[in-house]
Structure formats: structure tokens, C-alpha cells
Amino acid sequence: MGFIDDIKARAKTSKKTIVLPETEDIRTYEAAEAVLKEGTANLILVGSEEEIAKNKGSFDISGATIVDPAKSEKTDAYIAKLVELREKKGMTEEKARELLLTNYLYYGVMMVKMKDADGMVSGACHSTADTLRPSLQILKTKPGTKLVSAFFIMVVPDCEMGANGTFLFGDSGLEQNPDPEKLAAIALSSADSFRLLTEKEPVVALLSHSTKGSAKHADVDKVVEATKIAKENAPEGLLIDGEFQLDAAIVPSVGASKAPGSPVAGKANVLIFPDLDAGNIGYKLVQRLAKAEAYGPLTQGIAAPVNDLSRGCSAKDIEGVIAITAVQAMAEDK
Ligand SMILES: CC(C)(COP(=O)(O)OP(=O)(O)OC[C@H]1O[C@@H](n2cnc3c(N)ncnc32)[C@H](O)[C@@H]1OP(=O)(O)O)[C@@H](O)C(=O)NCCC(=O)NCCS
Ligand SMILES: CC(=O)OP(=O)(O)O
């Protein structure tokens, strides 16, 4: 079974409830129809009942629950909770009502916060900043986690590198210019996310334009320092190393010649980019030129699963990210 079929099979064993707040976008309905038909998750669509009836086109979403913030009896409780959570940041009842009745991403996150849903997927028609800000503000980080970051699962066709063509690329969505401490934290969280989602052992490479000292620059020093911190904090047995150029990380013969003796060189399946420019450009290159499946930006470190999408995504991508969110929600139960 391929990566996404395996994820869907796992999601079906414990149908989680996922909120979709982007009811203005036709791709939401196409994905919802497919998810409901396949049974990977229960779905809640947030929006005005009238708009949803108009926007859904011919897609059959009759199995979904529709929640209209203007009519739901729970809206007042969400407003009160949002004021309680954000009062110190200037949130008033009036502002909370306005926000929740007009911004369905905030409403969806409140549903997750109040445990009326297990997770949320959006971002097909909102930027990453607008998608993730509500969950960073309201759900906050998981206990024991300081940093939320974002990654893609990339499935490259006809590829023997990584885990038979499956890779994690991080951070490709959120942290713009992580310092060494943050880069190390991204690497370690990414190892856990890779293991959870692929059920394979992570082999983590911190990427640079240098391999083991071949270039000298402050940008290289940052990755060297991050590698040192990550190794100090890594659980026993985790394969993690750097700094590597991309070819040294994933091509066995290049790894053997540029970084002889490294247990990671040539075998990496978790690729940690030095900053968001590299991570975001890197994933789009592989998606568009190698025709890879690209699921994300998926998040790690938020107190409940909320995942983003690229505005360039297809309905199939949304379907996949819903199933992944359900699997992340299943892991929260453990
Ligand atoms: C995600 C992002 C929006 C957060 O920054 P922001 O909107 O300026 O918001 P703030 O910095 O005010 O943060 C909002 C809250 O999130 C928290 N936060 C921000 N980044 C965080 C992180 N990485 N981990 C944990 N919490 C974080 C802040 O502490 C703040 O909490 P508070 O409001 O309770 O004090 C910002 O990092 C961003 O724009 N990233 C790039 C996204 C992007 O464009 N990606 C490219 C396409 S995928
Ligand atoms: C992940 C990403 O790059 O998102 P968008 O294409 O929506 O900016």
C-alpha cells in the first residue's frame, strides 16, 4: 500500500471528526464527498447554511454535519471561552462575537478547543499565516513543546531514495528563520512526525550548502550548531546528522564519498531545511518537477491537530490531509 492509502486505512479504524471551515471553496466539497464516501472521517462544515447550499454545487455532502455560527446554540459558549482565553490580549465579547461570526477559521479552532471536533483542515483559500494564527493563539502548544513547526510529507514517484520515495520536508511552512535551538527542535519533532505517519524509522539530515565542513559561512555554522544541539537532545538510537548538501543526504554513493562514516549520509528520509525560503521552495520544486504528492503544510507541536494546505492544492490533496489529521488525532488519544 502507498503512503496515503495506508493513512486512510488507519483513519477508518477510528473515525475522527474533522472541521472544514473553507465552505466558500468548491474543492472543500469535492474532498468532503470523497472522504464521506470512503469513511475516513466524520466531517463538520462551518458556514452559513444558505451559502453552503449554494456553494456545494452537485457534490453530495449529505453525510456531513453543517454548523452555521449565526444559528448554532453553541456559539455563545465559544464566544465566552474565547474572551476568557484572550482577555489579556484585548479580546472583548464584542470582538469575539464579530470574529467568530465572520471568520470561520477561528470558529473551527474554537470547536476543536471545546472538543466538539478532533481536528481542523484549512488553507485552500487562506494564507498559512491566516490559517495557523488562530490555532497558535487559541490551542497553543502541546505540553512539553515550545515550538510549533510545519512540514510536508512528500511521496516521490519511482524513487528508491528516502523511505522508497517517501520523505518529510521540514520546516516548509511556518518558522521563517529558525535559530540553531529552533532548528534542532524542528529536526527532533520531525523525526517523531515521520515515525507516526509512515510507521518507519526516521533518518534525519540537517541540510546546508556544505557537507561536513566543505564550505565556510555563518549560514553553515548555524546548521552545524543545530546538529550539535539536536544530537545532544535526541532520544537514544535516533539516526540524525549534518551538515549535508542534499545529494550527500539522500544519494548513497554521494553520501559515501562526501561524508564517509556518517550513519545518515545517503540514507536520509527526514530532510531539515535551514530556513523557510529553502524549505518552501524545495517542496514546491519536488512537487512540481518530480510530480510528487505533497501533503501539508502539516503541523507539529499544536495542542490538537490543525493542518494547513497550499492555496495551489487539489481536492485530492485536501482529502489526504483530512485523513492525516484524523491519524494525528488518533495519536492524541494515546
Ligand atoms: C505562523 C505565523 C503567522 C505566526 O506569526 P504572527 O501572525 O505574526 O503571529 P504572532 O507572532 O503574533 O503569534 C501569534 C501567537 O502565536 C504564537 N506563536 C507564533 N509562532 C509560534 C510557534 N512557531 N510556535 C508556538 N507558538 C507560536 C505567539 O507566541 C503568539 O501567541 P500569543 O498571541 O498568545 O502571544 C508566522 O510565523 C508566519 O507568518 N509564518 C510564515 C507562514 C508563511 O508565510 N509560510 C509560507 C507558505 S507555507
Ligand atoms: C504551503 C504554501 O506554500 O502555501 P501557499 O501556496 O498557500 O502559500
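Fair warning: this is a prediction, and the values are worked out from it, not measured in the lab. (Residues numbered from 1 in each chain as written. Chains lettered and ligands numbered in written order. Predicted model: local features only at pLDDT ≥ 70, side-chain atom pairs only at ≥ 80, totals over all residues. Heavy atoms only, no water.)

Comments concerning unusual backbone geometry
Logical step 1: Look at the link from Gly170 to Asp171: it is a cis peptide, with omega at -20°.
Logical step 2: Here Gly242 and Glu243 are connected by a cis peptide whose omega angle stands at -15°.
Logical step 3: By the secondary structure assignment, Glu243 is in strand E8 (residues 239-244).
Logical step 4: Of note, Asp158 is a non-glycine position whose phi angle comes to about 45°, a positive value.
Logical step 5: With respect to the secondary-structure elements, Asp158 resides in the loop between strand E5 (149-155) and helix H8 (161-164).
Logical step 6: If you check the backbone angles, Asn164 has positive phi at about 50° while not being a glycine.
Logical step 7: The residue Asn164 is located in helix H8 in this model. (Helix = DSSP H or I, 4+ residues; strand = E, 2+ residues; numbered from the N terminus.)

Topic: the site of ligand 1
Logical step 1: The local shell around ligand 1 holds 18 residues, among which Arg86, Lys89, Arg133, Lys140 and Gly173 are the closest.
Logical step 2: Here Val148 contributes a backbone N or O atom positioned 2.8 Å from a nitrogen atom of ligand 1.
Logical step 3: Protein chains bury 65% of the 940 Å² of accessible surface belonging to ligand 1 in isolation.
Logical step 4: Taken together, the elements giving at least two residues each to the shell around ligand 1 come down to helix H7 (128-138) and helix H13 (276-289).
Logical step 5: A total of five residues in the shell around ligand 1 trace back to one element, the largest contributor, which is H7.
Logical step 6: Split by residue class, the shell around ligand 1 holds six nonpolar, six polar and six charged. (Near = heavy atom within 4 Å. Polar contact = N/O pair within 3.5 Å; in protein donor to acceptor, adjacent residues only side chain to side chain. Areas by Shrake-Rupley, 256 points an atom, 1.4 Å probe, with all protein chains shown as cover. Nonpolar A, V, L, I, M, F, W, Y, C, P; charged D, E, K, R; others polar.)

Some remarks on the site of ligand 2
Logical step 1: Residues in close proximity to ligand 2 include Thr128, Phe152, Asn280, Tyr283, Lys284, Pro297, Ser310 and Arg311, which together make up its full environment.
Logical step 2: Here an oxygen atom of ligand 2 sits 2.9 Å away from a polar atom, N or O, in the side chain of Lys284.
Logical step 3: A distance of 2.7 Å is found between an oxygen atom of ligand 2 and a side-chain nitrogen or oxygen belonging to Ser310.
Logical step 4: Looking at the shell around ligand 2, the element that brings in the most residues is H13, giving three residues.
Logical step 5: Grouping the amino acids of the shell around ligand 2 by side-chain chemistry returns three nonpolar, three polar and two charged.

Re helix H14 (residues 315-332)
Logical step 1: If you check H14, its first and last C-alpha atoms are 26 Å apart, about what 18 residues at 1.5 Å a residue would give, namely 26 Å.
Logical step 2: By the criterion of burial, H14 is predominantly enclosed, with 15 of the 18 residues buried. (Expected span 1.5 Å × (residues − 1). Buried < 20%, exposed > 50% of the residue type's maximum accessible area, 1.4 Å probe, protein only.)

Digging into the confidence of the model for the protein
Logical step 1: Considering every residue of the protein, the mean pLDDT works out to 97; 100% of them sit at 70 or more.
Logical step 2: Model confidence for the complex: the whole-complex pTM is 0.96, and ipTM, which rates the interface, is 0.96. (pLDDT = per-residue confidence, 0-100.)

Digging into the side chain of Ser149
Logical step 1: With respect to the element layout, Ser149 can be found in strand E5.
Logical step 2: Given a relative accessible area of 1%, Ser149 falls into the buried group.
Logical step 3: Contacts of Ser149, omitting those with residues within four sequence positions, involve Asp171, Leu174, Ile186, Leu298, Thr299 and Gln300. (Contact = heavy atoms within 4.5 Å.)

Details of the packing of helix H6 (residues 104-113) against H7
Logical step 1: Across the interface, H6 lies against H7 with an axial gap of 9 Å and an inter-helix angle of 35°. Along this stretch, H6 crosses H7, giving a crossing that reads as right-handed. Residues Leu105, Tyr106, Val109, Met110 and Lys113 of H6 form the contact with H7, whose participating residues are Asp130, Thr131, Arg133, Pro134, Ser135, Gln137 and Ile138.
Logical step 2: Residue composition of the contact of H6 with H7, grouped by class: six nonpolar, three polar and three charged. (Axes fitted to C-alpha atoms, helices over the stretch in contact; angles between N-to-C directions. Left-handed = near helix turned anticlockwise from the far one by under 90°.)

Focus: the nonpolar core
Logical step 1: Counting residues in hydrophobic clusters, the biggest one holds 57 residues, and the most contacted among them are Phe3, Leu43, Ile153, Leu197, Ile240 and Ile322.
Logical step 2: Counting residues per element, this core draws most heavily on H14, at nine residues.
Logical step 3: Excluding anything up to four places from it in sequence, Leu43 contacts Ile18, Leu20, Ala32, Val35, Leu36, Ala64, Thr65 and Ile322.
Logical step 4: Core analysis: the next-biggest nonpolar cluster, separate from the first, contains 29 residues, Leu82, Val83, Tyr106 and Met110 among them. (Core = buried A, V, L, I, M, F, W, Y, C linked by side-chain atoms within 4.5 Å.)

Here's the deal with the side chain of Thr28
Logical step 1: Here Thr28 shows up in helix H2 (residues 26-38).
Logical step 2: In this structure Thr28 comes out as buried when scored by relative accessible area, which is 4%.
Logical step 3: In contact with Thr28, other than residues within four places in its own chain, are Leu20, Glu22 and Ile318.

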